[in-house]
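Residue-level listing of the chains:
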Amino acid sequence: MKTILTGIRPTGHLHLGHYFGAVGNWVKLQTDYETYIEIADVQALTDNFDNPDKVVKSVKNLTIDLLSIGIDPNKANIFIQSLIPEIAELTVFYSNLVTISRLERNPTVKTEIKSKKELFGEKGESITYGFLGYPVSQAADITAFKGEVVPVGDDQLPLLEQCREIVRKFNSIYGKTLLEPEAYLSKFPRIKGIDGNEKMGKSLGNAIYLADDDEEVRKKIMSMVTDPNKIKIDDPANPDICMTYYYHKLIGNENLKTVCEECKLGKRGCVACKKELLNKMLEFLKPIHEKQRYYNEHPEKVDEILKEGTKKAREKAKETMKDVKKAMRINYFE
Ligand code: ATP
Ligand code: MG
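What counts, and at which threshold
- Residues numbered from 1 in each chain as written.
- Chains lettered and ligands numbered in written order.
- Predicted model: local features only at pLDDT ≥ 70, side-chain atom pairs only at ≥ 80, totals over all residues.
- Heavy atoms only, no water.
- Helix = DSSP H or I, 4+ residues; strand = E, 2+ residues; numbered from the N terminus.
- Rg over C-alpha atoms; globule rule 2.2 N^0.38 Å.
- Buried < 20%, exposed > 50% of the residue type's maximum accessible area, 1.4 Å probe, protein only.
- Contact = heavy atoms within 4.5 Å.
- Lys, Arg positive; Asp, Glu negative; His and termini not counted.
- Charge placed at Lys NZ, Arg CZ, Asp CG, Glu CD.
- Core = buried A, V, L, I, M, F, W, Y, C linked by side-chain atoms within 4.5 Å.
- Near = heavy atom within 4 Å.
- Polar contact = N/O pair within 3.5 Å; in protein donor to acceptor, adjacent residues only side chain to side chain.
- Areas by Shrake-Rupley, 256 points an atom, 1.4 Å probe, with all protein chains shown as cover.
- Phe/Tyr/Trp six-rings, centres within 6.5 Å; stacked < 30°, edge-to-face > 60°.
- Salt bridge = Lys/Arg side-chain N within 4 Å of Asp/Glu carboxyl O.
- Pairing = 2+ DSSP bridges.
- Expected span 1.5 Å × (residues − 1).
- Bend = angle between axes of the 7 residues up to and from the residue.

S.K.: Which parts of the structure should I look at to understand the overall build of the protein?
M.R.: Within the protein, the regular secondary structure consists of 14 helices and 5 strands. For 334 residues, the compact-globule estimate of 2.2 N^0.38 gives 20 Å, and the C-alpha radius of gyration of the protein, at 22 Å, lies within 12% of that figure. Its C-alpha atoms give the protein principal-axis dimensions of about 80 × 45 × 35 Å. Scored against the burial criterion, the 334 residues of the protein give a buried share of 51%. The contacts of the protein with a sequence gap of at least 6 include a subset with a gap of at least 24, amounting to 76%. One way to put it: in the protein the 51 positive side-chain charges average out to a point 2 Å from where the 50 negative ones average out.

What follows is the structure, given as structure tokens:
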């Protein structure tokens, strides 16, 4: 069985972007791969170090979300990053293998810095050493578990490339020890936000969360960006620039063709179209909400799952650490 390592930052609940862009896939993959799912609290702290409560609270919420969409703790190990000190150790060793200018050129880091500036103005301009270095720590996340396949959204591809470079450098200096991971992309590797932004993101405030209640979902769907040229109810419109149509497609509405044709012919008002989407969306969310309720009422089960997953993950990371230290000749007394 090949090994999968994938992760998510505990900075809030899961949203549709996660589900359709990445996390939904993990449910299928967990059967065919040895699966490790990292709750990346250390990475979340790189830009939330002044708000640890948010991160800590999100660890449980996120775990509940993962269980609610069908991640099975008997198949996948869900673990907490900060409880695996080997990842921090590896990060230190890898940080010698990457230049500062290479990190600054990383397209994902660049985009994130840019959107921080837009969101927070001057405060967003102070980029810490830890934030700039998170791709190095992510390389440690992946390699600590000998991850061969990394299922992610396409915003993560430059980070994976960075990891591969670090692996090659490590192997060329210290001898072949680490595996070069490969990305696994979903059918929809980048899900747009309800505001039409290219990416739905927690930090971007444009997401529908799997934990949103019916009223929140209704409000968000009603506020979705549609074709700005459609003013009257019977104006024809262009579904390709309409977020409502986009989500009809994503959620797998079986009447998609009708939605599209009626929209183009001006036979469908946006409000009616949004109401139809709302019904489909609530149908999709219903079983997820039921499981969320169950785990919220049984927090001890969630703790148990995290403890067990972390224990198994740590065993694997310890093995890797041994190989790494041996390769670097710093296995002093062995
Ligand atoms: P943050 O804004 O805090 O970075 P995020 O919404 O980007 O949050 P992450 O925890 O960084 O979420 O991402 C977890 C996984 O979900 C990654 O594999 C990422 O590529 C994927 N992902 C996140 N948002 C989307 C999206 N809109 N479309 C596709 N995949 C996504
Ligand atoms: Mg992100």
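S.K.: Got a minute to help me understand the nonpolar core in this structure?
M.R.: Here is a general trend for soluble globular proteins: nonpolar side chains tend to be buried in one another's company. One finds Leu 66, Tyr 247 and Met 281 to be the most contacted residues of the largest nonpolar core, which totals 44 residues. If we skip the residues at most four places from it in the chain, Leu 66 touches Leu 14, Val 23, Trp 26, Ile 37, Ile 39, Ile 71 and Ile 78. Listed in part, the 37 residues of the second largest apolar core include Tyr 134, Ala 139, Ile 142 and Ala 317.

S.K.: When you look at the site of ligand 1 in this model, what are you seeing that I'm missing?
M.R.: Every one of the 21 residues lining ligand 1 counts as a neighbour, but Asp 155, Ile 191, Lys 199, Met 200 and Ser 203 are closest to it. Between ligand 1 and His 15, the relevant distance is 2.9 Å, taken from an oxygen atom to a side-chain nitrogen or oxygen of the residue. At a separation of 2.5 Å, an oxygen atom of ligand 1 approaches a polar side-chain atom of Lys 199. Contact with the protein chains covers 96% of the free accessible surface of ligand 1, which is 590 Å². When contributions to the shell around ligand 1 are tallied by element, the ones reaching two or more residues are strand S1 (3-8) and helix H1 (16-29). Top element by residues in the shell around ligand 1 is H1. It accounts for 4 residues.

S.K.: Looking at this model, I keep getting lost on the packing of aromatic side chains. Mind explaining?
M.R.: Any pair of aromatic rings gets described here by the distance separating the centres and the angle formed by the planes. Going through the model one piece at a time under the given rule, you end up with 11 aromatic pairs. With centroids separated by 5.4 Å and ring planes inclined at 55°, the aromatic side chains of Phe 131 and Tyr 134 adopt a geometry described as tilted. A relative accessible area of 3% means that Phe 131 is categorised as buried. Ring geometry for Phe 170 versus Tyr 174: centroids 4.7 Å apart, planes at 55°, classification tilted. Remark: Tyr 174 and Phe 170 occur in helix H9 (residues 157-174); sequence separation between them is 4 residues, near one turn of the helix. On the accessibility criterion, Phe 170 (1% relative accessible area) is buried. The exposure class of Tyr 174 is partly exposed, given its relative accessible area of 23%. Pairwise contacts between aromatic rings join Tyr 19, Phe 20 and Phe 284 into one cluster.

S.K.: What's the story with the environment of Leu 160 in this structure? I'm lost.
M.R.: Within the element layout of this structure, Leu 160 appears in helix H9. Take Leu 160: its relative accessible area is 6%, and that puts it in the buried class.

S.K.: Hey, could you run me through the pattern of salt bridges in this one?
M.R.: One side chain can pair with another of opposite charge once the charged atoms of both are near each other. Using the criterion set out here, one finds 20 salt bridges in the structure. The closest approach of N and O atoms between Glu 180 and Arg 164, which form a salt bridge, is 3.2 Å. On the criterion of sequence distance, the pair formed by Glu 180 in the loop between H9 and strand S5 (182-184) and Arg 164 in helix H9 is long-range, its members being 16 residues apart. Glu 180 sits in the partly exposed class, given a relative accessible area of 33%. Here Glu 215 and Arg 218 are joined by a salt bridge, their closest N and O atoms 2.9 Å apart. Of this pair, Glu 215 and Arg 218 both sit in helix H10 (residues 214-222), separated by 3 residues, roughly a single helical turn.

S.K.: Teacher, can you tell me more about the pairing of strand S3 (residues 76-80) here?
M.R.: Two faces belong to every sheet, and in a regular strand the side chains alternate between them. The buried fraction of S3 is high, at 5 of 5 residues. Residue alternation in S3 divides its side chains into two sets, Ala 76, Ile 78 and Ile 80 and Asn 77 and Phe 79, and both sets are buried. Summarising the sheet, strand S2 (residues 34-39) and S3 pair through 5 bridges and their orientation is parallel. Looking at the pairing, Ile 39 lines up with Ile 80 of S3.

S.K.: Quick question: what am I supposed to make of helix H13 (residues 270-297) here?
M.R.: For an α-helix, the turn length of 3.6 residues means that residues three or four places apart are oriented alike. Look at H13: 38 Å from first C-alpha to last across 28 residues, which is about the 40 Å you get at 1.5 Å a residue. The largest bend along H13 measures about 35° and falls at Lys 286, with the proline Pro 287 one to four residues further on. In the core, the buried residues of H13 are packed alongside H1, helix H3 (52-68), H10, helix H11 (243-251), helix H12 (256-265) and helix H14 (299-327).

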